[in-house]
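Overview (structure and organization)
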Amino acid sequence: MDLEGARCLVTGCSSGIGRATALALSHAGARVWASARKRESIAALETQGMQLVELDLTDAGGVSRAVSLVGRLDVLVNNAGYGLEGAIEEVGDEELFEQYNTNVFGPWRLCRAVLPGMRASGRGAIVNISSFGGEAPYPGIGAYRSSKFALEGFSWTLRLEVAHFGIRVLDVQPGLTESEFGKHMKRAKAMAPDNAYAPMHESAARAYLRMSPHALPPEAVADAIVAELRKDTGPLRLRVGEDAHRMVAAVRAGDEAYERYLVSELGFDWHRLEAVSSR
Ligand SMILES: NC(=O)c1ccc[n+]([C@@H]2O[C@H](COP(=O)([O-])OP(=O)(O)OC[C@H]3O[C@@H](n4cnc5c(N)ncnc54)[C@H](OP(=O)(O)O)[C@@H]3O)[C@@H](O)[C@H]2O)c1
């Protein structure tokens, strides 16, 4: 796609990958509408020539109003999202709903809102920011990772449904990236330092350092997205970062091989803690 003058909406531009992507698209000549929940968090982007949109993805009415305000779009970047820490048993219904409402239902709502315009113009690109975690489960962050698994299924399905309208769907799988993600990460209320899952969380946190020893600058992800969008066609998934490539390769070696990889290569030793797990 020729990005010069292309009309792009990017969600979650207050920091990290969203902000870097909005800037990279703008530098590529696109007309960018940058969104965040609080206008003041993106005010600086207005001085870079972008239009600002206040948008909470969990507000269905707000999503429709924002898309009508922007009008026809060539590119939607569904970037906004956050992580929730907690073992499956520790995550409550409301916490789980909020996680999916932002990471899955939000992008879904936005797609529903922009697709009629893209179909009418016979062109467009939808970029969903997933994670390599959309293919690789990891203990202690099942709500987050499963939301990315859901996003992957939705992206792949959508790609098959809209390709013949001239619309491309791109699923981006960044590795660990410098951003405010860690600061914005939520913890399930049921997590406690003395409960049955505490040793599992400790083991998972130690192994995490070996899974993703280095973080990418967000500009690396943004530049990869812009380069991919400039092509007219391409594969569903765009993986960015050594850890993303390595972890997806480990998963694709098979379920048992992946579980062995977690234990032998990353040092996740929870399975050896039977005495503790029976507490
Ligand atoms: N950083 C990583 O290592 C990494 C790796 C793989 C994938 N990802 C994915 O990359 C995406 C961007 O994350 P990031 O790392 O750049 O984190 P970040 O710096 O925390 O940025 C997340 C953005 O999402 C927005 N957001 C959160 N909830 C929202 C809601 N309900 N409505 C609208 N906006 C909302 C935040 O806006 P507010 O200012 O309104 O809070 C913020 O702008 C996420 O989907 C994340 O899952 C990140």
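Everything below is about the structure shown above.
So, here's what we can say about the structure. Please read these numbers as outputs of a predicted model, since none were measured by experiment. (Residues numbered from 1 in each chain as written. Predicted model: local features only at pLDDT ≥ 70, side-chain atom pairs only at ≥ 80, totals over all residues. Heavy atoms only, no water.)

Attention shifts here to the pattern of salt bridges. If you walk through the whole model with that rule in mind, you get 15 salt bridges. Here E85 ties to R187 by a salt bridge, and the two come within 3.7 Å at their closest N and O atoms. Here E85, found in strand β5 (residues 84-85), pairs with R187, found in strand β8 (residues 186-187); they are 102 residues apart in sequence, far enough to count as distant. In this structure, R168 engages E228 in a salt bridge whose closest nitrogen and oxygen atoms are separated by 2.6 Å. Highlighted residues: R168 in strand β7 (residues 167-174) and E228 in helix α8 (residues 218-230), separated in sequence by 60 residues. Residue class for R168 comes out buried when judged on its relative accessible area of 12%. One connected set of salt bridges, linked through shared partners, spans E135, E152, R237, R239 and R252. (Salt bridge = Lys/Arg side-chain N within 4 Å of Asp/Glu carboxyl O. Helix = DSSP H or I, 4+ residues; strand = E, 2+ residues; numbered from the N terminus. Buried < 20%, exposed > 50% of the residue type's maximum accessible area, 1.4 Å probe, protein only.)

The topology assignment puts S35 in strand β2 (residues 31-36). In this structure S35 comes out as buried when scored by relative accessible area, which is 1%. With sequence-adjacent residues up to four places away left out, S35 is seen in contact with L9, V10, T11, G12, C13, I42, V53 and L55. (Contact = heavy atoms within 4.5 Å.)

The next subject is the packing of helix α1 (residues 16-27) against α8. The N-to-C vectors of α1 and α8 enclose an angle of 45°; their axes lie 8 Å apart at closest approach. Put simply, α1 runs oblique to α8. The handedness of the crossing between α1 and α8 comes out as right-handed. The segment α1 lies against α8, with G16, I17, A20, T21, A24 and L25 engaging P218, E219, V221, A222, D223, I225, V226 and L229. A per-class count over the contact of α1 with α8 returns 10 nonpolar, 2 polar and 2 charged. (Axes fitted to C-alpha atoms, helices over the stretch in contact; angles between N-to-C directions. Parallel < 35°, antiparallel > 145°, perpendicular 65-115°, else oblique. Left-handed = near helix turned anticlockwise from the far one by under 90°. Nonpolar A, V, L, I, M, F, W, Y, C, P; charged D, E, K, R; others polar.)

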